[in-house]
Amino acid sequence: MDGIKRLLQDDFSRNLFKGKAILLYGPRQCGKTTLVKQFIEANNLEPVLLNGDDDQDVNIFQTVTASRWAQILGNKKSVFIDEGQKIPNLGRAVKLLIDSHPEIQVIITGSSSFALANSMEEPLTGRKFAYKLFPFSFGETSRHFGFHEEMKNLELRLIYGCYPEVVLSGPEMKGTIKSIAESYLYRDLLQYEGIRKPALLEKLLKALALQCGSEVSTTELAGLLGVSRTLIDSYLKILEQAFIVFPLNSYSTNQRNEIKKGVKYYFYDNGVRNAVLNDFTPVAMRKDVGALWENYLVSERFKRNSYSKADGLPYFWRTTDQMEVDYIEVTGSKIEAFEFKWNPQKKSRITKAFTNRYPDAIIKTITPENYDAFLGE
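In this report, the structure presented in the accompanying data block is examined. (Residues numbered from 1 in each chain as written. Predicted model: local features only at pLDDT ≥ 70, side-chain atom pairs only at ≥ 80, totals over all residues. Heavy atoms only, no water.)

Quick notes on the overall build of the protein chain
The helix and strand tally for the protein chain stands at 18 helices and eleven strands. When the backbone C-alpha atoms are referred to their principal axes, the protein chain occupies close to 70 × 50 × 45 Å. Among the 377 residues that make up the protein chain, the fraction classed as buried is 54%. Here the analysis covers contacts within the protein chain between residues at least 6 apart in sequence; of these, 73% occur between residues at least 24 apart. (Helix = DSSP H or I, 4+ residues; strand = E, 2+ residues; numbered from the N terminus. Buried < 20%, exposed > 50% of the residue type's maximum accessible area, 1.4 Å probe, protein only. Contact = heavy atoms within 4.5 Å.)

Dropping the structure here:
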């Protein structure tokens, strides 16, 4: 992992020692701690190290004061707090540190966007730079391995995903992603407040994995799983906050028979999706390659846009009579529409139901032969 430069690294460096905390959100084992340690080493920071998994460190924040911070810091000029979402009152304590010692650089990581953001948002208003880190992106792996080599690895990415440990584990990819998924999904997730039915969570994940690329109805999920829609909604929110899945909403300008409130769910990582189904069958033998290809492209585009701070808003498009566009991005009045085809030889065209309504839209088909332009920097 040491040799693969993350796209956030330069942005991190530019915001060093500006009197603000640096917050880094992202799923477990996506490389947050490694990135921060590389960053610390490159900038010779030698920080105070605190960890939300250490009860003794957590206790520090129960009675923190300005003088207590001075004791903790000694002559150090930086503080690194790992797993910050597990520390109560963290936001107030960090605000006190920044206000009393503006020369100190604070770096905080967390694997729950909700828990960490909730505790930090109000206390650190105007006092933080916030970033999200994901499993390796196409931009990062293609830069490291070389574009042509990364394209050769495409089928591996579709099956095993892009978690750093997976990408670098060679022939052990299957065992590695299974281990990550089992520890992350079925142990860490159960620590979340509100997870009262672990068996339901597992069934919900499998349902989402099977419906990947298809519109999801929470009402239908509730009926399928025999629980209330409210409970399904709350579990979906937890899965989003833990960086397992993310939603893609439908696009509509209120024209006739456009679906206005539809939603699809995609996994941040293909490997996790396949681990949920325990299906690592090679691409050539799979019946769901279209869903794998779509999930990969949408999740990689999501990473790309997040890192580049792109302005385009992502959607899918569908009508009540099932006319559909896989993915669109809207930037002001500009609309780009994309159709995803795994087989480049298969005839491709965006439905006229869409082009007739949006004649100025830019239309593109993304295949394994040209996907680098869609995912590039």
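So, the sheet that holds strand S4 (residues 105-110)
As summarised here, the arrangement of the five strands in space is S2-S3-S4-S1-S5, forming an open sheet in which the pairing is parallel. For this open sheet the edge positions go to strand S2 (48-51) and strand S5 (128-132), each flanked by a neighbour on one side alone. Between one strand and the next, the sheet's axes are offset by a mean angle of 15 degrees, whatever the strand orientation. Bridge count for strand S3 (residues 78-82) against S4 is four bridges, and the pairing is parallel. Pairing of Ser78 across the sheet is with Gln105, part of S4. Packed onto the sheet, helix H2 (residues 32-42) meets strand S1 (21-25), S3 and S4 and runs at close to 165 degrees relative to S4. (Pairing = 2+ DSSP bridges. Axes fitted to C-alpha atoms, helices over the stretch in contact; angles between N-to-C directions.)

Re the packing of aromatic side chains
Applying the stated rule across the entire model yields 26 aromatic pairs. Joined through ring pairs, the aromatic side chains of Phe134, Phe243, Phe246, Tyr266, Tyr268, Phe302 and Tyr307 make up one cluster. Over the face of the ring belonging to Phe316 we find Lys264, whose NZ or CZ atom lies 4.8 Å from the ring centre. (Phe/Tyr/Trp six-rings, centres within 6.5 Å; stacked < 30°, edge-to-face > 60°. Lys NZ or Arg CZ within 6 Å of the ring centre and 35° of its normal.)

Let's talk about unusual backbone geometry
Unlike most non-glycine residues, Glu46 shows phi in positive territory, near 45 degrees. Position of Glu46 among the secondary structure elements: in the loop between H2 and S2. Of the residues examined, Glu46 reaches a relative accessible area of 58% and is grouped as exposed. With a phi angle near 55 degrees, Lys309 is a residue other than glycine that sits in the positive phi range. As for its placement among the helices and strands, Lys309 is situated in the loop between helix H16 (289-308) and strand S8 (313-318). Residue classification places Lys309 among the exposed positions, given a relative accessible area of 55%.

Overview of the nonpolar core
The biggest cluster of nonpolar side chains holds 109 residues, and the ones touching the most others in it are Ile81, Val94, Leu208, Ile244 and Tyr296. Formed by twelve residues, the second largest nonpolar core is a distinct cluster that contains Tyr251, Ile328, Val330 and Ala361. (Core = buried A, V, L, I, M, F, W, Y, C linked by side-chain atoms within 4.5 Å.)

A few points about helix H14 (residues 229-241)
Between its first and last C-alpha atoms H14 spans 18 Å; for 13 residues at 1.5 Å apiece the expected length is 18 Å, and the two agree. All of the buried residues along H14 are Leu231, Ile232, Tyr235, Leu236, Ile238, Leu239, Glu240 and Gln241. Of the residues trailing H14, Phe243 is marked for its positive phi of about 60 degrees. (Expected span 1.5 Å × (residues − 1).)

Some words on helix H12 (residues 198-210)
An ideal rise of 1.5 Å per residue puts 18 Å on 13 residues; H12 measures up with 19 Å between its terminal C-alpha atoms. Among all positions in H12, only Leu200, Leu201, Leu204, Leu205, Ala207, Leu208 and Ala209 are buried.

A look at the packing of H12 against helix H13 (residues 218-225)
In the contact formed by H12 and H13, the axes pass within 11 Å of each other and the chain directions differ by 130 degrees. Between H12 and H13, the crossing angle belongs to the class labelled oblique. Between H12 and H13 the crossing geometry is right-handed. Contacts from Leu200, Lys203, Leu204, Ala207 and Leu208 in H12 reach Leu221, Leu224 and Leu225 in H13. (Parallel < 35°, antiparallel > 145°, perpendicular 65-115°, else oblique. Left-handed = near helix turned anticlockwise from the far one by under 90°.)

Details of the environment of Ala310
Within the secondary structure layout, Ala310 lies in the loop between H16 and S8. With a relative accessible area of 37%, Ala310 lands in the partly exposed category. The spacing of Ala310 and Tyr268 is 42 residues in sequence and 18 Å in space, taken between C-alpha atoms.

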